[in-house]
Amino acid sequence: MSSSALEAFDTVDLIHAKRDAAELSTEQISWMIDAYTRGFIGDEQMAAMTMAIFLNGMNRREVRDLTMAMIRSGETMSFASLGKPTVDKHSTGGVGDKITLPLMPLVACFGVAVPQLSGRGLGHTGGTLDKLESISGWRANLTNQEMFDQLASIGGVICAAGSGLAPADGKLYALRDITGTVESIPLIASSIMSKKIAEGTESLVLDVKFGSGAFLKDIDRSRELARTMVDLGNDAGVKTRALLTNMNVVLGLAIGNANEVRESVEILAGGGPADVRELTVALAREMLALTGQPDADVEAALDDGRAMDTWRAFIRAQDGDPDAALPIARETHVVTADSDGVLVEQLALPFGVAAWRLGAGRARKQDPVQHAVGIDLHAKPGDTVTAGQPLFTLSADEPARFARALEALEGAYRIGSASEKVLDGGPLIAERVE
Ligand code: URA
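Residues numbered from 1 in each chain as written. Predicted model: local features only at pLDDT ≥ 70, side-chain atom pairs only at ≥ 80, totals over all residues. Heavy atoms only, no water.

Here the focus is the site of the ligand. Neighbouring the ligand are Y173, R176, I188, S191, I192, K195 and F215. Residue R176 places a side-chain N or O atom 2.9 Å away from an oxygen atom belonging to the ligand. At 2.6 Å from a nitrogen atom of the ligand is found a side-chain nitrogen or oxygen belonging to S191. For the ligand, the accessible surface in isolation is 240 Å², of which the surrounding protein chains cover 91%. Put simply, the parts of the chain that give the shell around the ligand at least two residues each are α8 (167–177) and α9 (185–199). In terms of residue count, the dominant contributor to the shell around the ligand is α9 (four residues). (Near = heavy atom within 4 Å. Polar contact = N/O pair within 3.5 Å; in protein donor to acceptor, adjacent residues only side chain to side chain. Areas by Shrake-Rupley, 256 points an atom, 1.4 Å probe, with all protein chains shown as cover. Helix = DSSP H or I, 4+ residues; strand = E, 2+ residues; numbered from the N terminus.)

Next comes the structure, spelled out in structure tokens:
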């Protein structure tokens, strides 16, 4: 830690300024992120700063400066030597969101490179790496050389983002998680975009969620987040667009890890739930349009096995066995309909929380996840149900977990009459931002 006499600014002055809703200069933001990364600014002062940003916001210039400062805190990658267009996708996270799994192989089979650097789940949203680790032998950690070789040969990789990319974000995100400052547009936008720009992809499609199972519940705030991130990407030379998608309802029927892999494989086989297929196809079209293939017949590649072939090659390349049986939980608990009618409501967030309580997610970064556990839905909003019909199945390795999961689900779904409005939050894909 260096002495404050040699530092360019006084941290308390910066906190005062943002607390009083003043703008921070480019130099101040750059210094602040550097000083926090090297440990000169401690977590208690940064917590005050993030709360001031949460409450008073940042203008577009400040958000860009914050993003660029976070990129400079670590290494940057480049895939230019691959000689293929590169495109990535990022989702702001939701319940049952397994889209990366079928999407990466689907896009890669059109000859573009998809470097999908992913994370693990925290709280009620699952993590792509946790899901893939349900597959026997599959490995999330690759060297840079392995990543390049796989992008050249197969066209796609899903692997852990190294800690060298935007390390300031790693520290800040962990701090925000425990100080109630996650749901801030400048902080979310700079966090996501610093990692994506540092990763070196040429183009990027963002799936920005709104609704009960998303970070930002309100579509207007999600639109603002999408606009901010699309502008940050384009300003930094990454061709970026976003879809605003509905997370009031669980995506697909499976919530967990192994069961989400199972559902993804169904999509790759040309089947699977209609909403998962619709979003996978829409995002693939956006990604391929950005890389010069606006007319690619994406649906054909799901139906004729090309995307599945790429998936199998990808799993094998990362030491997994695509034919190995997925783990199955020790115990199940089936919840049935208590009356005839229509399922008029099924809130995504409580189902995410329940799956997490069954052991599918983690409360702390270092906790393990249980791969076989989770929830399988048998009915979705709008479906007609009869008394006694299974609505969903909870799976657990430790039966003691059922009670806490069922507590989370109290009031989370409702059977009404056929004349009632179904509360599903509207269409899956609401808007496009470019
Ligand atoms: N995902 C991130 O990487 N950062 C955020 O702030 C929120 C979601």
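Still to come is the rest of the account.
Attention now moves to the sheet that holds strand β12 (residues 413–416). Strand order in this open sheet of three strands is β10-β8-β12, and the pairing throughout is antiparallel. Each edge of the open sheet carries a strand with a single partner, namely β10 (384–385) and β12. The pairing of strand β8 (residues 341–346) with β12 spans four bridges and is classified as antiparallel. Looking at β12, one finds that V342 is bridged to G416. (Pairing = 2+ DSSP bridges.)

On to the packing of aromatic side chains. Considering all chains together, one arrives at eight aromatic pairs under this definition. With a centroid separation of 6.4 Å and an interplanar angle of 70°, the aromatic rings of W138 and F314 are classed as edge-to-face. One end of the pair, W138, is in the loop between α6 (128–132) and α7 (144–153); the other, F314, is in helix α14 (residues 306–317), with 176 residues separating them in the sequence. On the basis of relative accessible area, W138 is assigned to the buried category, the value being 6%. Ring geometry for F392 versus Y413: centroids 5.3 Å apart, planes at 85°, classification edge-to-face. With F392 in strand β11 (residues 390–396) and Y413 in strand β12, this residue pair connects regions lying 21 residues apart in the sequence. Aromatic rings pair up to connect F9, W31 and F40 into one cluster. The lysine or arginine in question, K171, covers the ring of Y36, its NZ or CZ lying 4.3 Å from the ring centre. When the ring centre of Y173 is taken as origin, the NZ or CZ atom of K195, which lies over that ring, is 5.8 Å away. (Phe/Tyr/Trp six-rings, centres within 6.5 Å; stacked < 30°, edge-to-face > 60°. Buried < 20%, exposed > 50% of the residue type's maximum accessible area, 1.4 Å probe, protein only. Lys NZ or Arg CZ within 6 Å of the ring centre and 35° of its normal.)

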